[in-house]
Each structure stands twice: as C-alpha cells, then as structure tokens.
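Each chain, written out:
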Amino acid sequence: MNLMNNLARKHGFVVLFHEKPFEGINGSGKHNNWSLGTDTGVGLFSPGKDPKSNLQFITFFVNTLAAVQKHNALLKASIASATNAHRLGANEAPPAIVSAFLGRTMTEVLHKLLELPSDTPIEIAGKKGKSLGLVEIPEIFVDNTDRNRTSPFAFTGNRFEFRAVGSLANCAGAMTTLNAAVAQQLTEFKAALDKELAGGKKFEVAVMDTLKPIIASIIDVVCFDGNGYSKEWQEEAKRRGLNTETSVPEMIKEFLKSETVEMFTATGVHSLKELEARCEVKWETYTKKIQIESRVLVRMATNHILPAVLHYKSRLLKGLALHKEVFGTTEGCEVEMKLLEKINRYAVDIQTRATEMREARKRANVLKSEYEKAVAYHEIAETFPALRKSLDKLEEIVDNDMWPLPKYRELLFIS
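Residues numbered from 1 in each chain as written. Predicted model: local features only at pLDDT ≥ 70, side-chain atom pairs only at ≥ 80, totals over all residues. Heavy atoms only, no water.

## Considering the overall build of the chain
In terms of regular secondary structure, the chain is built from 15 helices and six strands. Scaling as 2.2 N^0.38, a compact globule of 415 residues should have a C-alpha radius of gyration of about 22 Å, whereas the chain reaches 28 Å, well beyond that. Reported as C-alpha extents along the three principal axes, the dimensions of the chain are approximately 105 × 50 × 50 Å. Long-range pairs, those at least 24 residues apart, make up 70% of the contacts in the chain with a sequence separation of at least 6. Just so you have it, the chain exposes about 21,900 Å², and 54% of that area is on carbon and sulfur atoms. Within the chain, one finds 55 positive and 52 negative side-chain charges whose respective centroids are separated by 4 Å. (Helix = DSSP H or I, 4+ residues; strand = E, 2+ residues; numbered from the N terminus. Rg over C-alpha atoms; globule rule 2.2 N^0.38 Å. Contact = heavy atoms within 4.5 Å. Areas by Shrake-Rupley, 256 points an atom, 1.4 Å probe, with all protein chains shown as cover. Lys, Arg positive; Asp, Glu negative; His and termini not counted. Charge placed at Lys NZ, Arg CZ, Asp CG, Glu CD.)

## Considerations on helix α14 (residues 384–397)
Between its terminal C-alpha atoms α14 stretches 21 Å, which fits the 20 Å expected from 14 residues at 1.5 Å a residue. By the burial criterion, the buried members of α14 are Phe384, Leu387, Ser390, Leu391, Leu394, Glu395 and Ile397. Taken around the axis of α14, the buried residues stretch over an arc of 165 degrees, which confines them to a single face. Structural note: α14 exposes Pro385, Lys389 and Glu396 on the side pointing more than 90 degrees away from its buried face. The inward-facing, buried residues of α14 abut α11 (272–327), α12 (334–365), α13 (370–381) and α15 (408–413). (Expected span 1.5 Å × (residues − 1). Buried < 20%, exposed > 50% of the residue type's maximum accessible area, 1.4 Å probe, protein only. Arc of directions from axis to C-beta.)

## Quick notes on the packing of aromatic side chains
Tallied over the full model, the rule gives 14 aromatic pairs. An angle of 45 degrees between the planes, with centres 6.4 Å apart, marks the rings of Phe57 and Phe155 as tilted. Within this pair, whereas Phe57 is found in helix α2 (residues 51–70), its partner Phe155 is found in strand β5 (residues 153–155), the two being separated by 98 residues in sequence. Side by side, Phe57 and Phe155 carry an identical accessibility label, which is buried. Between Phe224 and Trp233, the aromatic rings sit 3.7 Å apart at their centres with planes inclined by 5 degrees, giving stacked as the arrangement. (Phe/Tyr/Trp six-rings, centres within 6.5 Å; stacked < 30°, edge-to-face > 60°.)

## Observations concerning the pairing of strand β6 (residues 160–166)
Of all seven residues making up β6, seven are buried, and the element is well covered by its neighbours. Where strand β1 (residues 29–34) and β6 come together, five bridges link them in antiparallel fashion. For Trp34, the partnering residue across the bridge sits in β6 and is Phe160. In terms of strand pairing, β5 meets β6 through three bridges, oriented antiparallel. Within β6, the residue paired with Phe153 across the bridge is Phe162. Taken together, β5 and the strand that follows it, β6, pair antiparallel across an intervening segment of four residues, in which Gly157 is found at a positive phi of about 95 degrees. (Pairing = 2+ DSSP bridges.)

## Quick word on the sheet that holds β6
Strands sit in the order β1-β6-β5-β2 across an open sheet of four strands; the sheet is mixed. Each edge of the sheet is formed by a strand with only one pairing partner; in this case those strands are β1 and β2 (100–101). Strand contacts of helix α6 (residues 172–198): β1, β5 and β6, with the helix running at about 35 degrees to β1, the strand carrying the most contacts. (Axes fitted to C-alpha atoms, helices over the stretch in contact; angles between N-to-C directions.)

## Quick notes on the confidence of the model for the chain
For the chain, per-residue confidence averages 91 on the pLDDT scale, and residues scoring 70 or more make up 94% of the total. Taken as a whole, residues 127–133 scores under 50 in pLDDT and shows seven contacts with residues more than four places along the chain or in a different chain. (pLDDT = per-residue confidence, 0-100.)

## Quick notes on a nonpolar patch on the surface
A cluster of nonpolar side chains, contributed by Ile292, Val296 and Met300, occupies part of the molecular surface with about 250 Å² of accessible area. Tracing the backbone shows Met300 in helix α11. Look at Met300 and you get partly exposed, because its relative accessible area is 35%. (Patch = residues over 30% accessible without salt bridge, like charges linked within 9 Å, V, L, I, M, F, W, Y side chains within 5 Å. Salt bridge = Lys/Arg side-chain N within 4 Å of Asp/Glu carboxyl O.)

## Structural notes on the nonpolar core
Counting 104 residues, the largest nonpolar core has Ile58, Phe61, Val62, Leu65, Leu110 and Phe162 as its most contacted members. Residue contributions to this core peak at 14 residues, all from α11. (Core = buried A, V, L, I, M, F, W, Y, C linked by side-chain atoms within 4.5 Å.)

## Observations regarding the packing of α11 against α13
Relative to each other, α11 and α13 sit at 35 degrees, their axes nearing to 9 Å. Where α11 crosses over α13, the two elements pack in a sense that is left-handed. Between α11, through Glu280, Trp283, Glu284, Tyr286, Thr287, Ile290, Gln291 and Ser294, and α13, the contact on the second element is made entirely by Glu370, Tyr371, Lys373, Ala374, Tyr377, His378, Ile380 and Ala381. Looking at the contact of α11 with α13, its residues break down into eight nonpolar, four polar and four charged. (Left-handed = near helix turned anticlockwise from the far one by under 90°. Nonpolar A, V, L, I, M, F, W, Y, C, P; charged D, E, K, R; others polar.)

## Observations concerning the side chain of Ser151
Its location among the elements puts Ser151 in the loop between β4 (135–137) and β5. Exposure remark for Ser151: the relative accessible area of 2% places this residue in the buried category. A distance of 3.4 Å separates the side chain of Ser151 from the backbone nitrogen of Phe101, its partner in a polar contact. Looking at Ser151, its side chain comes within polar contact range of the main-chain oxygen of Phe153, at 3.4 Å. (Polar contact = N/O pair within 3.5 Å; in protein donor to acceptor, adjacent residues only side chain to side chain.)

## Regarding the environment of Tyr408
By the secondary structure assignment, Tyr408 is in helix α15. Taking relative accessible area as the criterion, Tyr408 reaches 22% and is therefore assigned partly exposed. Each C-alpha atom of the pair Tyr408 and Thr105 lies 45 Å from the other, and the pair is 303 residues apart in sequence. Among the polar contacts listed, one links the side chain of Tyr408 to the backbone oxygen of Glu23, at a separation of 2.5 Å.

The structure is reproduced here in structure tokens:
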C-alpha cells in the first residue's frame, strides 16, 4: 500500500483504497492468510508423517476454530469500519457474521473423530492401506478444500484465510485479535489436558479426550460451508448464537466486554486502558468518516444537483408556456408534464431529507460520549440510500448538458 501511494503521488495520482466506492460494483478487501508454525519451521496446520504429528495438527486446527467461535463477535469488531461496512455481505465479500469454512473432507474428519475411540491412530490417506476405524486425513489439502468466497474464515490447506479485512485497513489489528484469541484458547486447552494426564491417561488418549468436547461444541455452531449471503444463514447463525450485529459502533463495543478484557489482559496483549483508548479512537474515526460523507452528500445535493434540476425544470416550464402561447393549450405536452411531476416529487424529497440530515448532525455533534456520537452517526448513515435514490432518479431525467457532475455511467464506462 505504501508503494502504491508513493508511485501514485509521483505520477500525480491518488490511490483509492475505499472498500466499495461504487454502488453495484464489486468492492475490494484483503484475504489475510494466517497460519501457525514452530520456531524450527514446523507448520502446525499441516498433517505430518505419523499419527503423533497428525494429532498435533488436529489439536491446533480444532483449538483455532474454538477461539473463532468464542470470539466471533470480537473478530468481526477487529475488521469493522465505516468503509468496510459498505462491502461486507454485498455479494462479493463475506457477511457480517464470522463463521468458519472447513470443506467437506475436514468436516468429515471431525465427525469421525467424535465417533471413534480416543486411541484410534490418525494417518494420511494414501500412505498406508485402509483399515477399519482409521481416521484418514487427505494428503494434499489444497486439492481437497473448496474456496468458498462467502466464508469470512476459511481453511484452504495448511492455513486459514481471514477474508473480511478491508482494503483500506492495516491487517495488524485483526491479526493481533486473532492471535490473542487463539493463545487464550491454547492456554485453556493445556490446563484441561493437564487434568486428563493427571488421571493417568496415555498422552494421545488424553489429547483426544480433551479435544472431543471442543469438537462437539463447535462442529454445528461456527462451522458452516454453505452460502453466507442467504437470508436463511442469517437466521440460522442467530439461532446458533453467532453475532449478527451490523452496526459498526456496536461491533466496536465488543472490545470492552468483560470476556474480551480478560482475554487481552491475560495474554498480555492489551490493558484495559489501552482497549478503552482504542475504542475511543475507533468511534471517533467512524464518526468523522460518516460526518464527512454526510456533509459531502448534502452539499452535492443542495449546491449542485438541485440548482441543475430547477434549471431544467424552468426550461420545461418555458417550453410549456411557449406551447400554450402558440397553440392555446398544453395538450400534446404529456411527456413534459410527467417529467415535471417526477422532478417536483424527487426535488422535494431531496430537500426534505437533506434538511433532516443536517438537523440530525447538529444533534449528534453536541453529544459528549464518542460511543453515543458514533451510534447517532450510524443512524445518519442508514439514511444515505434513501437520499441517494432520489438523486439517482433525477440523474436519469435531467439533460446531460445541464447535469453538473459526471453521471454514474460516465464514471464507470466512459473514459
């Protein structure tokens, strides 16, 4: 991103990293590839050459999913912003619900692990002959994982992809949150495993006995391989207990939940004061972005669009007056009359909504709490589409020569 910015400035351009600058056109985001490895280069999300190595893979795989489930709302908060909100769930990006895609093969492996005894060896498919009861992991994960683009957190062979990070964002925030969540989960797993080992169980059996309750708790909750864009999934996700909040200010509030504070402080990542400060900055940033968008929208509507519309209306009225002067009637001017009717309706709607938006900003600006102000500006942002609708309708009506700005089709299709 730095390179792009530097090169753009060198040639007199500015790079636009906004997640979705054009309505109806696919937006832009980051696929944050994330994996874990040891300090000796051993990948923890890759199967090994023996049952013990494969057990290690399953252990880290399952605990990562458990962390994502436990902190799904927080992970969503880590990628939430005023601009990314335009993109999420817009049919080219994951929805504002954090779930994990495993692919059919790994889903079957987890189900099989629940069914078989804890001392069943985990082998690599194709390396040894089939044996009844054997848990087999596919040798090449990339060839066995469907890249479901509707999933925000997908396993794609030796790594996960966190696909909800915005194109304008730095990945560090999301990665810090994910790392802390997984670290806490692994710490809790280690404590549970120590209890099993203290009971005299063999290591492999103790690991599986510790993993099985976790697998059972996540397999039908955070794991989802279907269409994340469907309304049915939104309802199903809510039933499963996954967070479905769409308001960015409310998402950010997750950083101050007691379980979040406990996680960050226990792992030594953030203190309570640091979390409070970060939330203040996030809310203020959200407010300022929406405030700027609102001001620009209202000014464009009232200072550019409405004057051009009224000028076009005046021309139509002069044409009607001239027609009546010549022919003594407005009969035959049905087209002009219908256009005037539409122009009046849309112009009044724009003026009314622009005035309401100004007043809403005034009320929001006097609020002292950054959270309350951000919530108020979220409500303002929710009114943007209604105002834009009338503006778009007038863009289709008013003469091209009178329209003061590039029309939408010109921005997209005419160089």
